Structure formats: C-alpha cells, structure tokens
Amino acid sequence: METLAPFQEVIDEIQAAGGFDYRLCFQCGLCDVVCPWNKVRTFSMRRLIRESAFGLSEIEGEDIWRCTTCGRCPEQCPRGVNQIQVGVSLRRLASEYEIFPPSVRPARTARASLISEGNPLQGERKNRADWARDAQVRTFSEGMEALFFVGCYLSYDPRMKRVTVAIANILNKAGVDFGILGEKESCCGESIRKIGSEQVFKNLARENIKTFIDNGVHKIIVASPHCYHTFKNEYPEFMVNFEVVHITEYLLQLIREGRLEISKEHSGTVTYHDPCYLGRHNEIFDAPRDLLRMVPGLELKEMSEWGRESLCCGGGGGRIWMDTPQNERFSDIRLQQAREAGAQTLVTSCPYCITNFEESKLNLEYEGVLEIKDITEIIQDVVSL
Ligand code: SF4
Ligand code: SF4
C-alpha cells in the first residue's frame, strides 16, 4: 500500500489532530490481545501506533477505519495510551484529504445528511418528530421536569421508533412532566467526531447547546449511550454542564420512588448486552441489570463476555455507517454467545446495538430462536399502561 507523505510532515499532522499519545507506546501488544477484531481477522492497533510514530501511516487503507472505539484496549494499556484518540487523529487526516476507501463511503453520505438535515439517516429535519404521532408527547418548555432528547435512530429508524414510543408511554405512565425538541433537535455528534469530522461535530454540538440554553433545559433524559457519552463527557468542552440521565437509570429511580410499578410478569430467559458507551465508557453496568431483576418471571443469565469485558456490537466509532463483510461482524458472534448462554431474548439499551443485532438475527436465521429487545420494551410490557 502506498503511503501518503511519510515522515515529519505527517507526524506533525497527527500531533495537530490530537494523536500525540503514540509517543508513550512501548509496543507490548496488549491492546491487540483484547481487540475484538482479532476474533474475525487480523488487525493491529499496536501497528497503527508504531506507524504514526514514524509518520508512515497508510491513511488510504481500511485499517485506520476499523477501530469501533469499544474502549477495551485503553483499559489494558500499561502506558496509558489513548489508542482511540490516535485512531481518530488518523481519520481526521483522511477526512481532511477526503480519502475514504469503498467500505467507508456510506459514512460520507451520513456526514452530508448531518450537515443538511441534522441526522445521519437522510431523514428530513421537519419529520424528526413524526414518531410522536403514535404517542402522547408535548414540545419541551421551560419549567418541565426533563427534556427527552430522542436522538437520530430513535427518531427516524422504523425498528427504533417502536422503542421511542415505548419510552414515551412509560414516562407518561409514571406522570413525568417531559417534552421533546422535535425539529429543533440535532444529532449529538458523537459518531461523526469519531470518524474525524471534527468541525461537523462542533457545529452540531453548538446548535444543540444553544437550543438547550434558549429553551431552559437543565435535565436531559437520553436512550442512546452515544448521546449520553457526548453530553456528559464532551459537551463540557464548550463550558456547559447539563444533568444527563440514561433511561435505564431514570426508570430505576422512578420505580424506587414508587412513581412506576411493575405489575406483570415476563417469563423467560434473558441475557443483557452492555453497550460499550454505556458500560465501559460510562460505568453503567448495574442499573439495567437491577431493572431486569425486578421483573417477576424473568431469569437473567450472563454471556461469556459481559460487564467490563462485554463484546462490542461493531457499531461504535462510526462503523454503524460503514460496510462490514458478513464474516467479520462482531454482532453475529454476540448472538451466538446469547444462544450459548441459553437466552431466549437478547436485551440491550443502545440503538446501534439493536440495529446490528436485528441484522445478525436475519443473517443467522434466528427468527423464532432469539428475540432482540431494548430494555424499555420489556419494561413497557410489565407496567400497566
Ligand atoms: S497496550 Fe499500550 S503500550 Fe502496549 S502496544 Fe498497545 S498502545 Fe502500545
Ligand atoms: S478501542 Fe476496541 S476496537 Fe478499537 S483498537 Fe481498541 S480494542 Fe480494538
């Protein structure tokens, strides 16, 4: 593979894009041991880091786009290298020169849609709240208890819209005074930042922050771990701090306060998949499990890789918008792990995970074998609406 422009010029560009951690790496290779890519093909983050140190990065290739930013390897590194940031800095370079291999080109379409319509799914901005026709939802106004920030997949994706309606139904049942922003809401920007389009991220973040401030938002309920991560850990870069609550934490609180009551059973064996951006990146491991354990008749079983060691679904780091050959999909492995655990239902709490799992369910012909559910769909079924 041809290299772009080796040596100092490239090293300087990688540093300018935030990838300076390559200097700490002593090439132990522990990152590669835990990387999920090595379950399906060879890929070496260690090698990418080594090449960065010499300005020899192959930014035309597929490898700089592989990292799903799952967060497994930063936890292992004895030198504290932020491998994700090194990877993102290489993508910034490629994005700047508009160099995208064929498998990554769908991400360019997503980026164009983010710029024109504020979402990556080519939905029209004016249709962002169409899902709410099937639910009782008000527009957010100052003084309400919380904003429900819906997010892109839950606004436009047909499968995910069922989850959005479930959330609205549950919040209404609990008497929560909440509202949505409708077409004033824009993508949180988490994934576009990870594929290196920093300016698009900044524009989306500023739009959302202005809307939050103009509308008097203080508390934000989110269903996507990607929105959660960005609002909690990245928006403070803009000198703002909103109270951000993931729906699993919020539902648990509503039940503990007696505002929501579980009154029905869900019989069957369930396993819970920790989304990378809820679990490893934000340490929310217990709330979803505590919720599931409250459901009478539900037997919770863990898969072989769970909690901090959960297997990535393959959708983070903008990979949800890229093409992955069928024999390289982590989500297929995850469904097989769910079956091995004896689960009838694979439950999770992330729109990217659900999207990948539903596709794997089709590919593996698991219809009637394994159900895929968002945790809110289970809770909707066991509270009396
Ligand atoms: S684990 Fe850290 S020090 Fe070891 S190869 Fe990976 S980045 Fe380098
Ligand atoms: S963050 Fe995850 S996908 Fe990316 S290199 Fe590390 S282990 Fe691999």
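Residues numbered from 1 in each chain as written. Chains lettered and ligands numbered in written order. Predicted model: local features only at pLDDT ≥ 70, side-chain atom pairs only at ≥ 80, totals over all residues.

Of note in this structure, Q122 is not a glycine but carries a positive phi near 60°. Its location among the elements puts Q122 in the loop between helix 6 (105-117) and strand 1 (138-139). Positive phi is not limited to glycine here, since M239 has a value of about 65°. The residue M239 is located in the loop between helix 11 (225-234) and strand 5 (243-246) in this model. Overall, the presence of 7 C-beta atoms within 10 Å leaves M239 in the exposed class. (Helix = DSSP H or I, 4+ residues; strand = E, 2+ residues; numbered from the N terminus. Buried ≥ 20, exposed ≤ 12 C-beta atoms within 10 Å, placed from the backbone.)

When the domains of the protein chain are assigned, the result is domain 1 (8-99), domain 2 (104-254) and domain 3 (261-382). Taken together, the contact between domain 2 and domain 3 spans 32 residues of the former and 28 residues of the latter. Among the secondary structure elements, those contributing two or more residues to the side of domain 2 that touches domain 3 are helix 6, helix 7 (152-156), helix 8 (158-173), helix 9 (190-194), helix 11 and helix 12 (247-256). Residue composition of the side of domain 2 that touches domain 3, by class: 19 nonpolar, 8 polar and 5 charged. (Domains from an automatic or database assignment. Contact = placed C-beta atoms within 7 Å. Nonpolar A, V, L, I, M, F, W, Y, C, P; charged D, E, K, R; others polar.)

With that out of the way, let us pick up the environment of F231. In this structure, F231 sits in helix 11. Residue classification places F231 among the buried positions, given that 25 C-beta atoms sit within 10 Å. On a C-alpha basis, the gap between F231 and R162 in space is 24 Å, while along the polypeptide they are 69 residues apart. Aside from chain neighbours lying at most four places away, what touches F231 is C188, I220, V222, F242 and V244.

Looking now at the site of ligand 1. Within the structure, ligand 1 sits among 15 residues, and C25, C28, C31, C77 and V81 are positioned closest to it. Classifying every residue of the shell around ligand 1 gives 9 nonpolar, 4 polar and 2 charged. (Near = placed C-beta within 6 Å.)

To continue, consider the pairing of strand 5. Burial along strand 5 is one-sided: the face carrying V244 and H246 is buried and the face carrying E243 and V245 is not. Examined bridge by bridge, strand 4 (residues 219-222) and strand 5 share 4 bridges and lie parallel to one another. The partner of I220 across the bridge, within strand 5, is V244. (Pairing = 2+ DSSP bridges.)

Right, let's get into helix 1 (residues 8-16). If you check which residues of helix 1 are buried, you get V10, I11, E13 and I14. Looking straight down helix 1, one finds its buried side chains confined to an arc of 165°; they lie on one side. Away from its buried face, by an angle of more than 90 degrees, helix 1 presents the exposed residues Q8, E9, D12 and A16. The inward-facing, buried residues of helix 1 contact helix 3 (45-53) and helix 5 (83-96). (Arc of directions from axis to C-beta.)

Of all residues adjacent to ligand 2, which total 15 residues, the nearest are C35, M45, C67, C70 and C73. Elements supplying a minimum of two residues to the shell around ligand 2: helix 2 (30-34), helix 4 (72-76) and helix 5. A per-class count over the shell around ligand 2 returns 10 nonpolar, 4 polar and 1 charged.

Another aspect to go through is the sheet that holds strand 3 (residues 178-180). Spatially, 1-3-2-4-5 is the arrangement adopted by the 5 strands of the open sheet, whose pairing is parallel. For this open sheet the edge positions go to strand 1 and strand 5, each flanked by a neighbour on one side alone. Pairing analysis gives 3 bridges linking strand 2 (residues 146-149) to strand 4, with the strands arranged parallel. Looking at strand 4, one finds that L147 is bridged to I220. Along the sheet, helix 12 makes contact with strand 4 and strand 5, crossing strand 5 at roughly 85°. (Axes fitted to C-alpha atoms, helices over the stretch in contact; angles between N-to-C directions.)

Here the protein chain averages 95 in pLDDT, while 97% of its residues score no lower than 70. Segment residues 1-5: pLDDT under 50, and 10 contacts once partners within four positions in sequence are set aside and those in other chains are kept. (pLDDT = per-residue confidence, 0-100.)

Looking now at the sheet that holds strand 8 (residues 345-348). Paired through their backbone hydrogen bonds, the strands of a sheet run either parallel or antiparallel. Taken together, 4 strands build an open sheet; the order of strands is 7-6-8-9 and the sheet is parallel. Where the open sheet ends on each side, the last strands, each with one partner, are strand 7 (298-300) and strand 9 (371-374). Averaged over all pairs of adjacent strands, the angle between strand axes in this sheet comes to 35°, irrespective of strand direction. Summarising the sheet, strand 6 (residues 268-272) and strand 8 pair through 3 bridges and their orientation is parallel. When the sheet's bridge partners are listed, Y272 is paired in strand 8 with V347.

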